[in-house]
Every structure is written in structure tokens, then in C-alpha cells.
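Single-letter residue listing:
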Amino acid sequence: MDLQIALLLGQDGMTNGAIYALLSLALVLVFAVTRVIFIPQGEFVAFGALTLASFQAGKTPGTLWLLIGAGVVVALVDVTQALRSGMPRRILRIVGWNLVYPAAAAAVVFLLKPGDFPLLAQIVLALALVVPLGPMIYRLAFQPLAEASVLVLLIVAVAVHLALVGLGLLFFGAEGSRTPAFSDASFNLGLVTVSGQTLWVVGASLLLIVVLFAFFERTIYGKALRATAMNRTGARLMGISTVMAGRLSFLLAALIGAFSGILIAPITTVYYDTGFLIGLKGFVGAIVGGLASYPIAAAGAILVGLLESFSSFWASAFKEVIVFTLIIPVLVWRSLTTRHVEEDE
Amino acid sequence: MPPRLVLSGFLGLLLILPLVASEFQVTLLNYIGLYAIVALGLVLLTGVGGLTSFGQAAFVGLGAYTTAYLSTAEGLPGWASILGGSPWIGLLVGLLVTALVAYLLGLLTLRLSGHYLPLGTIAWGISLYFLFGNLEFLGGHTGMSGIPALSLFGIELKDGRKFYYVVWLAVLGAVWLTQNLLDSREGRAIRALKGGVVMAEAMGVDTARSKVMIFLVAALFACVSGWLYAHLQRFVNPTPFGLHIGIEYLFMAVVGGAAHVWGALIGAGVITVLKQWLQDWLPKLLGASGNFEVIVFGVMMIFVLQRARDGLWPILTRFVPQREAKREVPQGEALPKKPTPESGQVLLEARNVFKRFGGLVANNNMSLTVKAGEVMALIGPNGAGKSTMFNCVSGVDSASEGEVLFRGEAVTNLNSRQIARRGMSRTFQHVRLLPTMTVLENVAIGGHLRGSKGVLSAMLHLERGEEARLLAEAARQVERVGLKDSMFGLAGSLALGQQRTMEIARALCADPCLLLLDEPAAGLRYMEKQSLAKLLRKLRGEGMGILLVEHDMDFVMGLADRVVVMEFGEKIAEGLPDEVQRDPAVLEAYLGGVD
């Protein structure tokens, strides 16, 4: 290996690492707020990428049907509950978010031919279709179990992951898709050429991290999420709805996931089940941070990206073996250093 | 219909099914059996032991690939050539390999607390899968074919109908082994893993060892299933050993009822038949090919966990009357007792113990002694640090500073298990029991250190003699504390006061020379308190040392030989009950200042 290859691998690793870092942030956020280990994170990556690819291919993305279907189910559940608890005034809002919004999205997709939109508009529309799935999934799968143990929530998360992978196959088929790069520019820096897409990925990831940081530090909702993460009961006593916090954290996780998918779609071919491994690598990063620290999680994720790209050079067949075996010493180190007060599951 | 009849009916059905079923149905039944063996391991591991694993499919793969490799490999090196050719050697080596891998993985990952463990199993589940697919000598992603069929007594089991009996014999064997294990001393230790670790450790159970044990048993079950699979299919490739199949195994256990042995069979049956059915229908319905059954499985799992977290088995058993719990009081010869220390000898000495939680000093320079044949009472207002002191002394927590001597030996840095082994036993202020086990079984956990038979003899029920003596001892202690009528009831159904009394019986079952009782009289009625006081006096007369935390002053003052009073983590008085009652500092602490 000479310096040029090393730099090339390093660039690859950094690009993937930036994506893993974004995902690891979302995983830490969801776990801290809801105690859900969010295995389906990767499916949002795939859905984001494939929805954008569908627009560009002039097809109707399957996520639209998913949004409509999930909306109908959520509306049914929520309206029944609102009627039972004697709060019919909520119905308007429920119907608005879960029925009218998906219908409006469908109208845009069918009437305006998003295939002809500029890229930015296509990205916004793809996000608009995929991101609301986050809170809807929280409502249907996790909210009824909000008080269950972490392990039960984990099994549910795995179940949601399976269901979404199956739906992904149904809606997008087994074929992979790749979208055109955001920019064709490339910059020659002596030994290496840095592609415009790499800069986009790293830049957009950094920007999103800064925005998230500002959100958590400066806004009342961000602070509410942090409060819930620190102490659920305490936050509730202060009037913060844990249901709201749960939905909001899933919304953010879905946003981060779908956006990551859109960022990598020009670099790698995305299949309906690609997201799982990408999400798990974000996990390795998140676990390095103990599912608690954002900066350590991000650093760990970048490390995973570099490790992956270098091991694909030395032993490409064993790339996944190396990355996922790495998690075990990390887990051991983590569980030795965190003093866990064990009892009752 | 009595349950024995249901079981015989089920066995009879198993026997004649392959005679009447179609080729396809027999194949399906074979697969149900194979999956049920793996799910049984998960019942033990997850349902009973509380350890979630998504990685069992990898162990199935180890079993399948080992025998596939050994029974087909041509070019085994000379020294290893005797291992080749026979499926039975393949089974033996497979079990060894699996045990080794599981032991190493267990050592690494079972230390992981809470949710880190299942994440760890996902990680090595994926690693092993990719390893199977990328190792040249295991045939890579195409796999290995030409695996010989099993032969039994000269009959070659090429036919699915013949193989059926081998599979289901293995299933029933695994059921028998698992049930035996759960109904034993080791089994009680395993059942304590879920929600009773602190208590079990204080009774001398090595919970870390129990975890490794059930992890090994579950892995070996999976390995046997893989071995059977390889010789049934006579071809292996990595696909059936991936993470998604590992997840499916866990689903089987959860859907069937993860805490019940028969739940594994139900779960394996339901998921396998459903999968077959969905794989037939969904692609036709949806007009596309693919594994769409995962959508249904995912949604079904969510539904089960939201609505019926205990799975199908408890729902089914509502229609079948359960066998009456054994009502006979267990009989058996007495277990050997440790020699009692001479009365008056100092048993426990705590010297200048400090315990700090961050900035809070819960114990500040506490010293006390307990002698054999005396009742020492530790009293003080709520939050004075009495229970913290108890935890420091009994090794449940460790003191920040200071020294604890038990029978002359420094035990400050020992854990609760090691201290229990030296003859100290305790109860807890917040009752710690296993609510779904009977009173007798709960008390028998106290006797854990007085038995020695391990997992293997428990699984084969070779330890019945020791088990009978243990249960008889537990029954004697239950009677001794006056709970004879509730002996076979569930511990969770006792009133709180009785639960505390049961904890005393459990502590006594350990044959201690020093008894630590944390508020034993709380929640008892007057008459019950009287009989408790009588029991404690009798124990004192037999030379037992008793350290008591209690709020009921009548109870304490009538019973204690000496009293130590704590307030704000410090000792404010010590002496005979009468002296302490007149002590101005104590009056101040209890009644507020008298101006």
C-alpha cells in the first residue's frame, strides 16, 4: 500500500464514516429519549435513497403507499382512543396529520410529475414522504409499550425492522438503484482527487450535526428532549409529554436516516435491504459512545468507516466479519467501564 | 381431560403422524422438530434466564458445517483422518466445537449488561454468517453437498419418514432434559437470574456461572439441530444460519411462550406452518416474488408483545387443567450442618465503616459487633443508614473505607456469595423473592450452597437424592417459621408480612451462624410477631448470632440483648435496651428535642 491508496481509502472511510456518524447520533438520541434500540434506522436510509431514485426514474415511490397505509392505521387507532377518552376535539388534528397530509403528498406526486423537479425539490419531497413514517411507527409499535423493558423494546425494534425490510422489497423490488451525484466537480489535491460528492456528504453531515446541536441547545423542544432523556418521570412532572418526546425523537431519527440515504445514494447502489448493515455500523459507533455520548459516538462511527475501508483493501471478503467482530471488544470494554446497577431484567 | 392424557395423546399422535401424513407434511414436521430444538434452548436462555440472543442460528451453523466438513472432506490431514466419514463423530466434534465457541463468546458477551448482550449476539451472528460464506474450505456461498445420510442399526435414514423419528426423539429428549434442569437446584438458580440476581448471589448462587451454563446448553441444542439438519438436507450453505433466521428462532420462542418448555414446540409449529403458507400465498397475492412473510411476522411479533407478552402457551393451557402441584411434604434425611460457634464468641465485627454515595455519607465511622447467641438490634430513624450498613456487612455492597471481620476473617472485599459461604445469611428490607415460584422452591434457594450436584446431573435427574434432602430441609424451615399451609402456594401470593417471614426461612435454609434480618416484623400481625419473637429466641438459644434492623420498639426492646442506635449515618448510642431507652441523644433523635 502506498500513500496514494491510503489517502484514497481514508477518503472513502471518512465519507462512509460521516454517514455512520449521523446514524449513530440518531441512535443515541432515540435510545436516550425512548430506551428503544432503533434497529430499523437503516430502513429509513434505504427508503430515503430509493424514494429519491423512484422520482428520478419517473416512478411512483412505494413509500407513498406506506405513508398512506400507516396514516390510515394511526388515524383509526388514535380516533378510537380519542372517542373513548372523550376528547373528540383531537380528531381534527389526527385526521389532518394522518389522512390529509398523506393525501396531499399523493396529490403532489401524481399531479405534478416530480420526475421533472429540480434535484433539491425532489429531495425535499422524498423527505416529506419518508420522515413522517418515523412518528407513525413510534405511535403504532412503541408507544403502547413505552413502559416495557429495554429488552422487550429491542425485540419490537427487530420486528419493526423485519416488517419494513419486507415492505421495502414489496415496494421497491429486489433491484438496486443509484442516483446521479449532486455535483460532478472534483478537486485535485496533488496525490488524491476529492470528488464533489464526498465534500457534499461530509459537509452536509457536519451541517446537520451543527443544526442538531443548535436544536438541542437553543430550542425549547430540544431541551424538552434532553430533559426526557435524563429523567422521564422528572420531565413528565415538568409538563413535558413523553409521548411528544418519543414522536419527536423518532421524527428526527427518520429525518437523519432518510437524509443519510439521500447522501449515499450517488456513491453506492442502494437495495431494499442495504440499510440494515449501514445502520448496524452506525450502531457500532453509537455503542462506542455507550449509547449516551454524542461526540464519542460520532468519533467511533468515523473509526468504523475507516476500519471498513482499510479492511476492504486487505481482506475484502472478511470486511463485515472484521467490522462486526470489532463490536465485541468494544461492548466488553463498555460494560466493564459502565457501572450497571443490575436488577429486575 | 387430565394433563397426563393430553401428553399421551400428543405422543401417540407423534408416533402415527408419519404413517398417515403426506411426504410434504412429513418434511414440514421434520423442520418443526429441528426448529423446536433451537427454540427450546431459547426458552431456557431468554424466557427463563432473561438473556436475549439473536445469534442462535450461528450455532446451528456450527453444528451443520462441522459434520458437513468432516463427513465429506477428502483431504483431511493424517492425524485427523479418523475424524472423517462418520456422522456420529461429526456430532461429537460439532458439540465440542460449539461448546468451545459458545464458551468463549459467553465469557466475552455474558459479562455484557442489559441490552449490550443482545447487540453482541447480533454482532457475532453476522460475523459467523459471513465467515461461513467466505471460508474457501466450507464451500463459500455455494455451500457443500454430498453429505452422507445417517445410519442407525444398519438402516440408512435417507427417507424423510424414517428421519422423522430421529428428529422427534431428539426434540422429546431436549424437552426432557430442559424440564429436568428447571426442576432442580441448578434450575432454581437459573430461574433466579430474571429479577433475583442480588438475592441469589446473597444465597451463594454464582449467577455468572449459571448464565454461562444456560448459554452453553442453548448453543449445544442449536448444534444438535444443525447436525440433524445437515444429514436431513444432505447439503449446507450459509443462508439458513444468518441473522434473520436467528431472529426467527427468537420469534418462535416468544410467540409460543418464552417461559414455557412446550411453548417452544408451539412457537416452532406456528411459525413454520405460517411461513410455509405465507410463502405460498403472499407472492401470488402481491404479484411479486420474495420473502414477504417477514412483514407478517414483524407485525405479528409487535402484536404479540403488545397484547400477549407471555405467548400462546399460557392461553392454550387455560383449556387444559393443570396437574395439581405436588401436595406431599418432601421427606429426606437431614443435610449435614456446620459446627455451631461457641456462645459468646464474636462473630461479626465492623470497624470504622464508611460508605459514601458521591457526596452523601450514608455510613460515617460505624462500628459494631455481634456475638454468637445474642440478638443485636440496629435501630434508628428512617434514612439513618441501617440498610446500607447491612449491605456493607453482607457484601451486597462494599464499604468505601473501614474493615469488616466475620469469625475473625477480613471479609471487607469479598462479594456476597463468598460471605454467604462463610455462614452469614440475610433477609432484605424490600422483599426479594421469585413470585412465580412456590414458597418451598424459594426457600430451597437458600440451601443452594448445601448441595453440589451440577447442571449435567440435574439434566439427567441423577441428583434426586440430594434434591430430596434439599427440599426436605426447605420444608422443615418453612414449617419452622409457620408457613406450612402456604408451602406449595406461589410466593407472590403471600401477604407482605408472610413474604418477610419466608425470607427468614430462606436464610435459615442456608444453615447460617449469623442471621441478618432487615425489618422482619414489618407487616406482621400481633400474634405473628409473638411467634417470630419466639422463633428468634429459640435460634439465639441454639447459639445463633442475630443482627436485627427493626422499627417496632416493643418487638426490639423485648428481644434484643444489645442495641446500637444510628442517626444520619453515625452511631449515637450503644448499650443494653434499658440504657439506650434513657439515653438523651436517642430521645432527641426519636422524639425531637425536649426543651
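As the structure is a prediction and not an experimental result, all values here were calculated from the model.

1. Observations regarding the overall build of chain B
Along its length, chain B carries 23 helices and 14 strands. By residue count, 55% of the 595 residues in chain B fall in the buried class. Summed over all atoms, the accessible surface of chain B reaches about 25000 Å², with 59% contributed by carbon and sulfur. Between the centroid of the 51 positive side chains of chain B and the centroid of its 48 negative side chains there is a distance of 5 Å.

2. Digging into the pairing of strand S11 (residues 514-518) of chain B
Residue and element names in this part refer to chain B. Among the 5 residues of S11, 5 are classified as buried, and the element is accordingly described as predominantly covered. The two faces of S11 match: Leu 514, Leu 516 and Asp 518 on one face and Leu 515 and Leu 517 on the other face are all buried. Pairing of strand S10 (residues 424-426) with S11, which is carried by 3 bridges, proceeds in the parallel orientation. Bridge pairing in S11 places Met 424 opposite Leu 514. Where S11 and strand S12 (residues 545-549) come together, 5 bridges link them in parallel fashion. Paired with Leu 515 across the two strands is Ile 546, which belongs to S12. Crossover S11 to S12 through helix H20 (residues 526-541) is right-handed.

3. Overview of the domain arrangement of chain B
When the parts of a complex come together, some accessible area is lost, and that lost area is often taken as the interface size. Residue and element names in this part refer to chain B. When cut into domains, chain B gives domain 1 (28-316), domain 2 (340-423 + 512-595) and domain 3 (434-509). The C-alpha-based centres of domain 2 and domain 3 are spaced at 26 Å. Carbon and sulfur atoms make up 68% of the area that domain 2 and domain 3 hide from each other, which totals about 1100 Å². For the pair domain 2 and domain 3, the interface holds 1 salt bridge. Linking Glu 542 and Arg 480 is a salt bridge whose minimum nitrogen-to-oxygen distance equals 3.1 Å.

4. As for the sheet that holds strand S14 (residues 570-575) of chain B
All names here are of chain B. Within the open sheet, the 6 strands sit side by side as S10-S11-S12-S7-S13-S14. Their pairing is mixed. The open sheet has two free edges, formed respectively by S10 and S14, since each of these has just one partner strand. Taken over all neighbouring pairs, the strand axes of this sheet differ in orientation by 15° on average, direction set aside. Sitting on the sheet, helix H14 (residues 386-394) is in contact with strand S7 (375-379), S10, S11, S12 and strand S13 (562-567), with an inclination near 150° to S11.

5. Re a nonpolar patch on the surface
All names here are of chain A. Together, Val 72, Val 73, Leu 76, Val 77, Leu 99 and Val 100 make up a nonpolar patch on the protein surface, roughly 450 Å² of accessible area in all. Mapped by element, the contributors of at least two residues to the nonpolar patch are helix H3 (62-84) and helix H4 (91-112). It is H3 that contributes the most residues to the nonpolar patch, 4 residues altogether. Considering the arrangement of structural elements, one finds Val 72 in helix H3. Its relative accessible area of 36% is what places Val 72 among the partly exposed residues.

6. Brief notes about the interface of chain A and chain B
Contacts between the two partners involve 51 residues from chain A and, on the opposite side, 49 residues from chain B. Of the roughly 4100 Å² buried between chain A and chain B, counting both surfaces, carbon and sulfur atoms make up 79%. When the area that chain A buries against chain B is broken down by residue, the three leading residues are Ile155(A), Leu162(A) and Ile328(A), summing to 15%. The tally of links from chain A across to chain B stands at 0 salt bridges. Seen at the junction of chain A and chain B, the total is 3 residue pairs in polar contact (both at pLDDT 80 or more).

7. Thoughts on the sheet that holds strand S8 (residues 401-406) of chain B
Strand-to-strand pairing in sheets goes through backbone hydrogen bonds, with the strands running parallel or antiparallel. Residue and element names in this part refer to chain B. If you walk across this open sheet you meet the 4 strands as S6-S5-S8-S9, and the pairing is antiparallel. Looking at strand neighbours, the two that pair on one side only are strand S6 (360-371) and strand S9 (409-410), the edges of this open sheet. In this structure, strand S5 (residues 346-357) lies alongside S6, joined through 8 bridges in antiparallel fashion. Following the sheet pairing, Ala 350 is matched in S6 by Leu 368.

8. Observations concerning empty space enclosed by the protein
Enumeration according to the criterion identifies 2 cavities of 30 Å³ or more in this entry. What lines the largest cavity is simply Leu280(A), Phe283(A), Val284(A), Ile287(A), Phe324(A), Ile327(A), Leu119(B), Ile122(B) and Ala123(B). Examining the composition of the lining of the largest cavity, we find that 4 residues originate from one element, helix H12 (residues 274-288) of chain A, more than from any other. In terms of residue class, the lining of the largest cavity is built from 9 nonpolar, no polar and no charged. The computed volume of the second largest cavity comes to approximately 40 Å³. Lining the second largest cavity, in full, are Ala202(B), Ser394(B), Ser416(B), Ile419(B), Ala420(B), Met424(B), Ser425(B) and Arg426(B).

9. Looking at the packing of helix H2 (residues 23-48) of chain B against helix H6 (residues 160-182) of chain B
Residues and elements named next belong to chain B. Where H2 meets H6, the closest approach of the two axes is 9 Å, and the angle between their N-to-C directions is 15°. By the angle class used here, H2 and H6 are roughly parallel. The interaxial crossing formed by H2 with H6 has left-handed handedness. Of the residues contributing to the contact of H2 with H6, the split by class is 19 nonpolar, 4 polar and 2 charged.

What counts, and where the lines are drawn
- Residues numbered from 1 in each chain as written.
- Chains lettered and ligands numbered in written order.
- Predicted model: local features only at pLDDT ≥ 70, side-chain atom pairs only at ≥ 80, totals over all residues.
- Heavy atoms only, no water.
- Helix = DSSP H or I, 4+ residues; strand = E, 2+ residues; numbered from the N terminus.
- Buried < 20%, exposed > 50% of the residue type's maximum accessible area, 1.4 Å probe, protein only.
- Areas by Shrake-Rupley, 256 points an atom, 1.4 Å probe, with all protein chains shown as cover.
- Lys, Arg positive; Asp, Glu negative; His and termini not counted.
- Charge placed at Lys NZ, Arg CZ, Asp CG, Glu CD.
- Pairing = 2+ DSSP bridges.
- Right-handed = clockwise from strand over helix to strand, strands pointing away.
- Domains from an automatic or database assignment.
- Buried area = accessible area lost by both parts, 1.4 Å probe.
- Salt bridge = Lys/Arg side-chain N within 4 Å of Asp/Glu carboxyl O.
- Axes fitted to C-alpha atoms, helices over the stretch in contact; angles between N-to-C directions.
- Contact = heavy atoms within 4.5 Å.
- Patch = residues over 30% accessible without salt bridge, like charges linked within 9 Å, V, L, I, M, F, W, Y side chains within 5 Å.
- Polar contact = N/O pair within 3.5 Å; in protein donor to acceptor, adjacent residues only side chain to side chain.
- 1 Å grid on protein atoms, 1.4 Å probe; cavity = no way out; pocket = protein on both sides within 12 Å on 5 of 7 lines; lining within 4 Å.
- Points joined across faces, edges and corners; volume = space filled by probe spheres on them.
- Nonpolar A, V, L, I, M, F, W, Y, C, P; charged D, E, K, R; others polar.
- Parallel < 35°, antiparallel > 145°, perpendicular 65-115°, else oblique.
- Left-handed = near helix turned anticlockwise from the far one by under 90°.

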